[in-house]
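If you want the building blocks of each chain, they are given just below.
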Amino acid sequence: MAAYVILIREKLRDDAAMKRYAEAAAAARGDHKITPLAFYGPHETAEGAAADGVVILSFPTMAEAKAWYDSPAYTEARANRYQAADYRVIFVEGV
């Protein structure tokens, strides 16, 4: 069953660290089967806290989504993201 990773950027703090994250995250894709569905495009918040940016990634399974997230390459990329901005990351299975 398909699974999705939703990354919600709440507040950008460091542009240089975000650039490092973007480069490292792109390299961390590796052989993972990732389909970007939304990538920091225009968005509208109808309820709850406003989002600074939203990414939605599709994976064939939850196990594959978590394998990408926990991979050494993305773990290294996340270190830059932690410096760059405040995020919420949500894993959700499709129907």
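If you're wondering where the values come from, they're calculated on a predicted model, not measured in any experiment.

### Overview of the layout of surface pockets
Working step 1: Of the pockets and cavities examined, the largest pocket occupies roughly 320 Å³.
Working step 2: For the largest pocket, the lining is made up of 16 residues, of which Tyr-21, Ala-25, Ala-26, Phe-39 and Leu-57 are closest to its centre.
Working step 3: At the level of elements, helix H1 (15–27), strand S2 (35–39) and strand S3 (53–59) are the ones that each hand at least two residues to the lining of the largest pocket.
Working step 4: Among the elements that line the lining of the largest pocket, the one with the most residues is H1, at 5 residues.
Working step 5: Of the residues contributing to the lining of the largest pocket, the split by class is 15 nonpolar, no polar and 1 charged.

### Regarding the nonpolar core
Working step 1: Ranked by internal contacts, the top residues of the largest apolar core, which has 21 residues, are Val-5, Leu-7, Tyr-21, Leu-57, Phe-59, Trp-68 and Tyr-74.
Working step 2: Of all elements in the fold, only strand S1 (3–12), H1, S3, helix H2 (62–69), helix H3 (72–84) and strand S4 (85–93) reach the threshold of two or more residues within this core.
Working step 3: For Tyr-21, the contacting residues outside a window of four places in its chain are Leu-7, Tyr-40, Tyr-74, Ala-77, Arg-78, Asn-80, Arg-81 and Tyr-87.

### Some remarks on the pattern of salt bridges
Working step 1: Scanning all chains against the criterion turns up 3 salt bridges.
Working step 2: In this structure, the salt-bridge partner of Asp-52 is Arg-9, at a minimum N-O distance of 2.6 Å. You can see Asp-52 sitting in the loop between S2 and S3 and its partner Arg-9 sitting in strand S1, a full 43 residues away along the chain.
Working step 3: Of the charged contacts in the structure, one is a salt bridge between Glu-10 and Arg-88, with a shortest N-O distance of 2.4 Å.

### Things to note about the packing of H1 against H3
Working step 1: Relative orientation of the contacting elements H1 and H3 amounts to 160°, with a least axis distance of 8 Å. Considering their axes alone, H1 and H3 lie roughly antiparallel with respect to each other. As H1 packs across H3, the resulting crossing turns out to be left-handed. Residues Ala-17, Met-18, Arg-20, Tyr-21, Ala-24 and Ala-25 of H1 touch H3, and the partners they reach there are Tyr-74, Ala-77, Arg-78, Asn-80, Arg-81, Gln-83 and Ala-84.
Working step 2: Taken together, the residues that form the contact of H1 with H3 break down as 8 nonpolar, 2 polar and 3 charged.

What counts, and where the lines are drawn
- Residues numbered from 1 in each chain as written.
- Predicted model: local features only at pLDDT ≥ 70, side-chain atom pairs only at ≥ 80, totals over all residues.
- Heavy atoms only, no water.
- 1 Å grid on protein atoms, 1.4 Å probe; cavity = no way out; pocket = protein on both sides within 12 Å on 5 of 7 lines; lining within 4 Å.
- Points joined across faces, edges and corners; volume = space filled by probe spheres on them.
- Helix = DSSP H or I, 4+ residues; strand = E, 2+ residues; numbered from the N terminus.
- Nonpolar A, V, L, I, M, F, W, Y, C, P; charged D, E, K, R; others polar.
- Core = buried A, V, L, I, M, F, W, Y, C linked by side-chain atoms within 4.5 Å.
- Buried < 20%, exposed > 50% of the residue type's maximum accessible area, 1.4 Å probe, protein only.
- Contact = heavy atoms within 4.5 Å.
- Salt bridge = Lys/Arg side-chain N within 4 Å of Asp/Glu carboxyl O.
- Axes fitted to C-alpha atoms, helices over the stretch in contact; angles between N-to-C directions.
- Parallel < 35°, antiparallel > 145°, perpendicular 65-115°, else oblique.
- Left-handed = near helix turned anticlockwise from the far one by under 90°.

Bear in mind that shape data such as this cannot, by itself, settle questions of function.
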